[in-house]
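Chain by chain, the residues:
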Amino acid sequence: MSRKILITGGAGFIGSHVVRLFVNKYPEYTIGNLDALTYAGNPENLKDVEARPNYKFIKGDITDESFINQLFQSEGFDAVIHLAAESHVDRSIMDPLAFVKTNVLGTAILLNAARNNWKEKEGKLFYHVSTDEVYGSLGETGFFTEETPYDPRSPYSASKASSDHFVMAYHHTYGLPVVMSNCSNNYGSHHFPEKLIPLMINNIRNNKPLPVYGKGENVRDWLWVNDHAAAIDVIFHKGRTGEKYNVGGFNEWKNIDLVHLLCRIMDKKLGRADGESAKLITYVKDRQGHDLRYAIDATKLNKELGWKPSLQFEEGLEKTVDWYLENQEWIDHVLSGSYQQYYQQQYANR
Ligand code: NAD
Ligand code: TYD
């Protein structure tokens, strides 16, 4: 069956993996990748699919209401996979309103365009990609399930929680066909080096201090980004409308243990003496309102749709480290912002 899918945020970390998966796996689908190319968006991430006949890049901002409405009218999408967002907690602490604008208003504008344009609801789907951070923070034990009440604690998670509520409100009020997933922390290639894992890899390589917040005892559940993309694929095709699914790695790590593991892997890869990179670990001031622990119970997704993570964490981390070591140019580009000027220019001239 042919489908016309709008993927938002496809030039970012997770979005680029989702776009690549859909473009390659479903040549009968047409994929429009809408992205504003903020600091986190990089079309270079999708160089390998750029020329494919079923792929089109659309530069644009989800908070631009008239542009989004026109786009829905002109392109006639029958599905949306919505990933575009401001995604970094530390940035949300510094500039919360940017998160309200993109994550709350931007999502509402997309939902509204879908509502206005999808007169016939049969065969339509609005898939909202969200985070486990909406559930708040766990103590030493327990897991987030789909029934866990929302309790967001950072401006980032509050903005995502709000967008989740809008998605469900559009389903209940207008009958918009929606599905949603809430995923734990992702890792893998093309991850902007401001988040824990790529930042540590880059700093280890460059012999720079490894800033561990507080005592390093906060716990995150890590999932390989390709496994998240596979979950999105299965939920998009088989998930029940109006439902939400938790996605997680069953893979909890204290930050400090994870940083030590990365140091050991990198010592080997870089031919350093065992323990050399760990000397770079530097404890720094804790993040304000730092959530202690996230842990996902992904049983529903496993039981209903048969999804489970495909990769052991150590293997995934090695692959990730290898990718960063082989793609220093990518890191230099994204950190300097130079690629952005280049692409902004390219698209401005079209
Ligand atoms: P990212 O920051 O790497 O990418 C976000 C993308 O959205 C970028 O390409 C950016 O240019 C684009 N974008 C930002 N503002 C936009 C706007 N106004 N209009 C159009 N495009 C815009 O983020 P990510 O880590 O890939 O996360 C993608 C989605 O997955 C987000 O919704 C995030 O909340 C969710 N999520 C992320 C994680 C994670 O671990 N990274 C975990 C669970 C859920
Ligand atoms: P991050 O990758 O920002 O993801 P999130 O905050 O969405 O979970 O951070 C993961 C964990 O690592 C979190 O507990 C904060 C911590 N952290 C550090 O200790 N040092 C750092 O430099 C960064 C970026 C994060």
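Each remark here, short or long, concerns the structure printed above.
A brief structural summary.

Parameters at a glance
Residues numbered from 1 in each chain as written. Chains lettered and ligands numbered in written order. Predicted model: local features only at pLDDT ≥ 70, side-chain atom pairs only at ≥ 80, totals over all residues. Heavy atoms only, no water. Buried < 20%, exposed > 50% of the residue type's maximum accessible area, 1.4 Å probe, protein only. Helix = DSSP H or I, 4+ residues; strand = E, 2+ residues; numbered from the N terminus. Pairing = 2+ DSSP bridges. Right-handed = clockwise from strand over helix to strand, strands pointing away. 1 Å grid on protein atoms, 1.4 Å probe; cavity = no way out; pocket = protein on both sides within 12 Å on 5 of 7 lines; lining within 4 Å. Points joined across faces, edges and corners; volume = space filled by probe spheres on them. Salt bridge = Lys/Arg side-chain N within 4 Å of Asp/Glu carboxyl O. Axes fitted to C-alpha atoms, helices over the stretch in contact; angles between N-to-C directions. Left-handed = near helix turned anticlockwise from the far one by under 90°. Contact = heavy atoms within 4.5 Å. Nonpolar A, V, L, I, M, F, W, Y, C, P; charged D, E, K, R; others polar. Core = buried A, V, L, I, M, F, W, Y, C linked by side-chain atoms within 4.5 Å.

Let's shift gears to the pairing of strand S5 (residues 125–131). For S5, the tally of buried residues reaches seven of seven residues, placing the bulk of the element in the interior. Side chains of S5 alternate between two faces, with Leu125, Tyr127, Val129 and Thr131 and Phe126, His128 and Ser130 buried alike. Across four bridges, the pairing between strand S4 (residues 79–82) and S5 is parallel. If you follow Ile81 over to S5, its bridge partner there is Tyr127. Alignment of S5 against strand S6 (residues 178–183), held across six bridges, turns out to be parallel. If you follow Thr131 over to S6, its bridge partner there is Cys183. The handedness of the S5 to S6 crossover, carried by helix H5 (residues 155–174), is right-handed.

Turning our attention to the layout of surface pockets. As a volume, the second largest pocket reaches approximately 160 Å³. Around the second largest pocket sit Arg20, Glu44, Asn45, Lys47, Asp48, His190, Trp323, Glu326, Asn327, Gln328, Glu329 and Trp330, which together line it. Elements represented by at least two residues in the lining of the second largest pocket include exactly helix H10 (313–326) and helix H11 (328–336). Looking at the lining of the second largest pocket element by element, the count peaks at three residues for H11.

If you walk through the whole model with that rule in mind, you get 15 salt bridges. A salt bridge links Asp90 to Arg287; its shortest N-O distance comes to 2.7 Å. Here the residue Asp90 occupies a position in helix H3 (residues 89–94), and Arg287 occupies one in the loop between strand S12 (281–284) and helix H9 (299–305), the gap between them amounting to 197 residues. The residues Asp90 and Arg287 share a single accessibility class, namely buried. Across the pair Lys279 and Glu276 runs a salt bridge whose closest N-O atoms are separated by 3.4 Å. By relative accessible area, which is 37% here, Glu276 ends up partly exposed. A single salt-bridge network, built from bridges that share partners, covers Arg240, Glu243, Lys300 and Glu304.

Where helix H2 (residues 65–75) meets helix H4 (residues 96–117), the closest approach of the two axes is 9 Å, and the angle between their N-to-C directions is 40°. As H2 runs across H4, the sense of the crossing is right-handed. Taking contact as the criterion, the partners of Glu65, Ile68, Asn69, Phe72 and Gln73 in H2 are, on H4, Ile109, Leu110, Ala113, Ala114 and Asn117. Looking at side-chain class alone, the contact of H2 with H4 contains six nonpolar, three polar and one charged residues.

Moving on, we get to the nonpolar core. Within the largest apolar cluster, 47 residues are counted, with the highest numbers of intra-cluster contacts made by Ile5, Phe22, Ile81, Ile235 and Leu301. Sort the elements by how many residues they give to this core and helix H7 (residues 225–238) lands first, with seven residues. Not counting the four nearest positions on each side in its chain, Ile5 is found in contact with Phe22, Tyr29, Thr30, Ile31, Gly32, Phe77, Ala79, Ile81 and Phe236. Counting residues in hydrophobic clusters, the runner-up holds 31 residues, among them Trp224, Ile256, Val259 and Leu262.

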